[in-house]
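Each chain, written out:
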Amino acid sequence: MRKLLLASAAVFALSSAAHAANTATTVQVGLLNGSTVDQQGHVNDTSTTVQLGLVNGASTMQGTSAPSLNNASGVLQIGIVNSASTGQVATGSNSSAIGQFSIFGLPPANSASVGQLGGGINLSTITQH
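What comes next is a walk through the structure. (Residues numbered from 1 in each chain as written. Predicted model: local features only at pLDDT ≥ 70, side-chain atom pairs only at ≥ 80, totals over all residues. Heavy atoms only, no water.)

Points about the environment of G34
Basically, it comes down to this: The helix count covers DSSP runs of H or I at least four residues long, the strand count covers runs of E at least two residues long, and both are numbered beginning at the N terminus. When a residue's accessible area, from a 1.4 Å probe over protein chains only, is under 20% of the maximum for its type it is buried; when over 50% it is exposed; and in between it is partly exposed. Note on definitions: a residue-residue contact is assigned when non-hydrogen atoms from the two residues lie within 4.5 Å.
The residue G34 is located in strand 2 (residues 32–39) in this model. Owing to a relative accessible area of 53%, G34 belongs among the exposed residues under this scheme. C-alpha separation for the pair G34 and N56, spaced 22 residues apart in sequence, amounts to 6.0 Å. Look past the residues within four positions of G34 in its chain and what remains in contact with it is Q28, Q51 and G57.

Thoughts on the side chain of S47
Looking at where S47 falls in the secondary structure, it is placed in strand 3 (residues 44–52). S47 has contacts with A24, V37, Q39, T60, Q62, A72, S73 and G74, leaving out every residue within four places of it along the chain.

Focus: the sheet that holds strand 1 (residues 22–29)
Keep this limit in mind: Whether two strands pair comes down to DSSP finding at least two bridges between them. Axis lines are fitted to C-alpha atoms, over the contacting stretch for helices. Their N-to-C directions set the angle, which ranges from 0 to 180 degrees.
Read across the sheet, five strands follow the order 1-3-5-7-9 without closing on themselves; strand pairing throughout is parallel. The outermost strands of the open sheet, each flanked by one partner alone, are strand 1 and strand 9 (122–128). Pairs of neighbouring strands in the sheet enclose a mean axial angle of 0°, with direction left out of account.

Points about the pairing of strand 3
Burial along strand 3 is one-sided: the residues D45, S47, T49 and Q51 are buried and none of N44, T46, T48, V50 and L52 is. Two strands pair when backbone bridges link them, and strand 1 and strand 3 are joined in this way by eight bridges, in the parallel orientation. Residue V27 lies in a different strand from strand 3, and its bridge partner there is V50. As paired strands, strand 3 and strand 5 (residues 70–79) are joined by nine bridges and run parallel to one another. Paired with S47 across the bridge in strand 5 is S73.

A few points about the sheet that holds strand 6 (residues 81–90)
With parallel pairing, the four strands of this open sheet are ordered in space as 2-4-6-8. Of all strands in the sheet, those with a lone pairing partner are strand 2 and strand 8 (109–118), marking the two edges. Put simply, the sheet's adjacent strands are angled 0° from each other on average, direction ignored. Sheet topology places strand 4 (residues 55–62) next to strand 6; eight bridges connect them, and they run parallel. When the bridges of strand 6 are listed, G57 appears paired with S83.

A short note on a nonpolar patch on the surface
The condition that has to hold: Patch rule: a residue counts if its relative accessible area is over 30% and it has no salt bridge; like charges are joined within 9 Å, and nonpolar side chains (Val, Leu, Ile, Met, Phe, Trp, Tyr) within 5 Å. Note on areas: Shrake-Rupley, 1.4 Å probe, and residue coverage restricted to the protein chains presented here. Salt bridges are identified by distance alone: a Lys or Arg side-chain nitrogen within 4 Å of an Asp or Glu carboxyl oxygen.
A cluster of nonpolar side chains, L31, L32, L54, V55, V81, F104 and L106, forms an exposed patch at the surface whose accessible area comes to about 670 Å². You can see V81 is positioned in strand 6. For V81, a relative accessible area of 36% gives the class partly exposed.

Worth remembering: the numbers are spatial, not functional.
Structural data, given as structure tokens:
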């Protein structure tokens, strides 16, 4: 009976760890900002990146090595040169939002890309000004 209880506790611990969620928040203020987020193979991966600077670069990869159940990514960039890419693979749903805004009234130099593969709903929003 004791072995059965220990085995049950071990199985529960393993299954609980396998269903953990990842959450990442990055805030950067500077002249040159760079951020890379890599979240793999968990139930719910969530990432938020905010960058304020002259040159901003952000990359977010979720479930690209081992699919997640659901992925959500948000990137906000305020600068002169902004670049963002998001890759999402999920057995469920993916959501990505990228906002890029030029400062000082200068002509924007914005670049954004989103790749999504999901078994449910894929949503992508890109706003560039």
